[in-house]
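Summary of the model geometry
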Amino acid sequence: MIFCSDTPHLPEVAVTILSTNMAAPRVCVPGERLFSTADCEAGPGTYVHHGYIYSCLAGYMHKRKTEGKELSIVEVIRQKEDAVPRIGSIVTAKVTSVSGRMCKCAITCVERTTLREPFRGLIRKEDVRATEKDRVEMYKCFRPGDIVLARVLSLGDANCYLLSTAENELGVVLALSEAGAQMVPVSWCDMQCPKTGSKEFRKVAKVQLQQE
Amino acid sequence: MAGLEIISDQGYRIDGRRSSELRKVCARMGVFTQADGSAYIEQGNTKALATVYGPHEVRKGRGKIQHDRAVVNCQFSMATFSTGERKSRPKGDRRSQEMSMHLRQTFEAVIVTELFPRSQIDIYVQILQADGGNYCACVNAATLAVIDAGIPMKDYVCACTAGFIQDSPLLDISYVEESAGAPFLTVAMMPKSEQIVLLEMNSRLHADNMEKVLDLATQGCKDVFAVLDRHVRDHVSESHALMTAS
């Protein structure tokens, strides 16, 4: 599983910085002036004030060149990265309760970062799949304990993030059967228990392997 | 305070410092693994411990949620054994509440709260030993803890006191000097941009002397910054070395 690794994940850039034997990377502290906005563009970990880019984290400075852009992006990277679910980001969540109208879950990972504490998420009935929205039956899509991949639709109300699984790649990725065995997906809406051979309904995700 | 000389004829203070010298600053970052960020600081005999949690969802009191930024929640407490006379309650009295409020104002000004809408950042500070400049030690410890937690800040905040005793400005005053009854300023500032985040004066000071005292406090903040900055840089490269080794 790519999305829910237990080890705290390092951003790739940090890994490249750490693994390549370059000259010692520059250590930055909050409030340190890095570049003029004429030379670079401000990336994560920085802010712009009076035409200059300043660091707002303690970490290592990194310059990144993107295609189609003249200026390279300056960012400051820490070893530990913390994440907050944003609109459009893919999250890994564990289903905590299912009702006829919606399914509640605990968000444990955002993109590739494991959260230190879970956020509450909510999948509404109409956001479960893209087709035949009105014929969705929640109990045939999720069960408590399932591990689900979902996309953040909106920040929702004060209590929950609104999640959606209305994509082929999203839905249940790990589920235990009634017998307690980890089930294998057999179709878009079925998973089979290897122990008893019984089929259970789920909104199955077509997990895509990410190329490294 | 008859009989007690705050400044000797030779220009030394009770603890042997000159008028514009800071007390010794020792700091450590990342003292707790449980918290998102933590730091411990000693400024002379004043010792403070700060922990930072968050940004996380807003807990208790959903009315506090800000839809465009994070709320900063600060709690100041003093250990019961921190003062000469044992304190009956460590937190919640009027002075602690005021201190918490000042800390909140200070950190709302420097943390880039717009990056975390609808979240909360908790800063807990405890004084383990009080010997003057409690607010300063708290601010300096909390700055380190916020940096350790990786919460974006516009700049460091460094705090320092400066008093005006026996017609001369004194930097970083201790408890004895504080209780001499002379006026003193508490300044919290962003040392690089020289912006003052908090300024507090506890009694009357002649306007002519104000500038001298403020200049001294500003210099003190910069000195504190130099020490904190060194600690942060050491801490970052140390953890980097640990990571490359593993």
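Quick caveat, the model's predicted, so the values are computed rather than measured. (Residues numbered from 1 in each chain as written. Chains lettered and ligands numbered in written order. Predicted model: local features only at pLDDT ≥ 70, side-chain atom pairs only at ≥ 80, totals over all residues. Heavy atoms only, no water.)

When its secondary structure is counted, chain B shows 4 helices and 9 strands. Mapped from its N terminus to its C terminus, chain B presents α and β elements in the order β-β-β-β-α-β-α-β-β-α-β-β-α. Computed over the C-alpha atoms, the radius of gyration of chain B is 18 Å, within 12% of the 18 Å expected from 2.2 N^0.38 for a compact globule of 246 residues. Considered along the principal axes of its C-alpha atoms, chain B spans approximately 55 × 45 × 35 Å. (Helix = DSSP H or I, 4+ residues; strand = E, 2+ residues; numbered from the N terminus. Rg over C-alpha atoms; globule rule 2.2 N^0.38 Å.)

Turning next to a positive patch on the surface. Residue and element names in this part refer to chain B. On the surface, Lys60, Lys64, Lys91 and Arg104 cluster together into a positively charged patch. With respect to the element layout, Lys64 can be found in the loop between β3 (46-57) and β4 (71-78). When its relative accessible area of 38% is taken as the criterion, Lys64 is described as partly exposed. (Patch = residues over 30% accessible without salt bridge, like charges linked within 9 Å, V, L, I, M, F, W, Y side chains within 5 Å. Areas by Shrake-Rupley, 256 points an atom, 1.4 Å probe, with all protein chains shown as cover. Salt bridge = Lys/Arg side-chain N within 4 Å of Asp/Glu carboxyl O. Lys, Arg positive; Asp, Glu negative; His and termini not counted. Charge placed at Lys NZ, Arg CZ, Asp CG, Glu CD. Buried < 20%, exposed > 50% of the residue type's maximum accessible area, 1.4 Å probe, protein only.)

Moving on, we get to the packing of helix α1 (residues 94-110) of chain B against helix α2 (residues 134-149) of chain B. All names here are of chain B. Remark: α1 packs on α2, axes separated minimally by 11 Å, with the N-to-C direction vectors making an angle of 45°. It follows that α1 is oblique to α2 by the angle criterion. The crossing of α1 and α2 is right-handed. In this structure, α1 contributes Met99, His102, Leu103, Thr106 and Phe107 to the contact, and α2 contributes Asn134, Tyr135, Cys138, Val139, Ala142, Thr143 and Val146. By residue class, the composition of the contact of α1 with α2 is 8 nonpolar, 4 polar and no charged. (Axes fitted to C-alpha atoms, helices over the stretch in contact; angles between N-to-C directions. Parallel < 35°, antiparallel > 145°, perpendicular 65-115°, else oblique. Left-handed = near helix turned anticlockwise from the far one by under 90°. Contact = heavy atoms within 4.5 Å. Nonpolar A, V, L, I, M, F, W, Y, C, P; charged D, E, K, R; others polar.)

Further remarks concern the environment of Glu67 of chain A. All names here are of chain A. Mapped onto the fold, Glu67 is located in the loop between β6 (59-64) and β7 (72-77). Since its relative accessible area comes to 83%, Glu67 is described here as exposed. Taking the C-alpha atoms as reference points, Glu67 and Ala42, separated by 25 residues in sequence, lie 16 Å from one another.

On to the confidence of the model for chain B, then. Overall, the prediction assigns chain B a mean pLDDT of 91, with 97% of residues at 70 or greater. The complex prediction reports pTM at 0.71, with the ipTM value standing at 0.80. (pLDDT = per-residue confidence, 0-100.)

Moving on, we come to the side chain of Ser96 of chain B. All names here are of chain B. Within the secondary structure, Ser96 sits in helix α1. For Ser96, a relative accessible area of 3% puts it in the buried group. In contact with Ser96, not counting residues within four places along its chain, are Phe76, Pro90 and Lys91.

For the rest of this paragraph, the subject is the nonpolar core. Within the largest apolar cluster, 98 residues are counted, with the highest numbers of intra-cluster contacts made by Phe142 and Leu163 of chain A together with Phe107, Ile111 and Ile123 of chain B. At 12 residues, α2 of chain B tops the list of elements feeding residues into this core. If we skip the residues at most four places from it in the chain, Ile111 of chain B touches Val72, Ile121, Ile123, Val146, Ile151, Pro152 and Met153 of chain B. (Core = buried A, V, L, I, M, F, W, Y, C linked by side-chain atoms within 4.5 Å.)

Glancing now at the interface of chain A and chain B. Taken together, the contacts link 31 residues of chain A with 30 residues of chain B. The contact between chain A and chain B buries some 2,600 Å² in all, and 53% of this surface belongs to carbon and sulfur atoms. Inspection of the chain A/chain B interface yields 2 salt bridges. The shortest N-O distance in the salt bridge between Arg233 of chain B and Glu32 of chain A comes to 2.6 Å. Between the two partners, chain A and chain B, sit 11 residue pairs in polar contact (both at pLDDT 80 or more). For the side of chain A that touches chain B, the leading source of residues is strand β10 (residues 113-124) of chain A, giving 5 residues. A breakdown of the residues in the side of chain A that touches chain B according to their chemical character gives 16 nonpolar, 6 polar and 9 charged. (Buried area = accessible area lost by both parts, 1.4 Å probe. Polar contact = N/O pair within 3.5 Å; in protein donor to acceptor, adjacent residues only side chain to side chain.)

A word on α2 of chain B. Residue and element names in this part refer to chain B. Compared with an ideal rise of 1.5 Å per residue, which puts 16 residues at 22 Å, α2 spans 22 Å between its outermost C-alpha atoms and is within 8% of the ideal. With 16 of 16 residues buried, α2 is to be regarded as a mostly interior element. Phi turns positive, to about 75°, at Gly150, one or two residues after α2. (Expected span 1.5 Å × (residues − 1).)

A few words now on the UniProt feature "domain: Exosome complex component CSL4 C-terminal" (unreviewed entry) in chain A. Mapped onto the present numbering, the UniProt feature "domain: Exosome complex component CSL4 C-terminal" (unreviewed entry) falls at residues 114-155 of chain A. Between the end C-alpha atoms of residues 114-155 of chain A the distance is 19 Å, and the span holds 0% helix and 45% strand. (UniProt positions renumbered as here; feature names shortened; annotations may be inferred.)

Time to look at unusual backbone geometry. Residue Pro55 of chain B is reached from Gly54 of chain B by a cis peptide bond, and omega for that bond is 0°. Its location among the elements puts Pro55 of chain B in strand β3. At Glu132 of chain A, a position not held by glycine, the phi torsion is positive, near 45°. You can see Glu132 of chain A is positioned in the loop between β10 and β11 (147-154).

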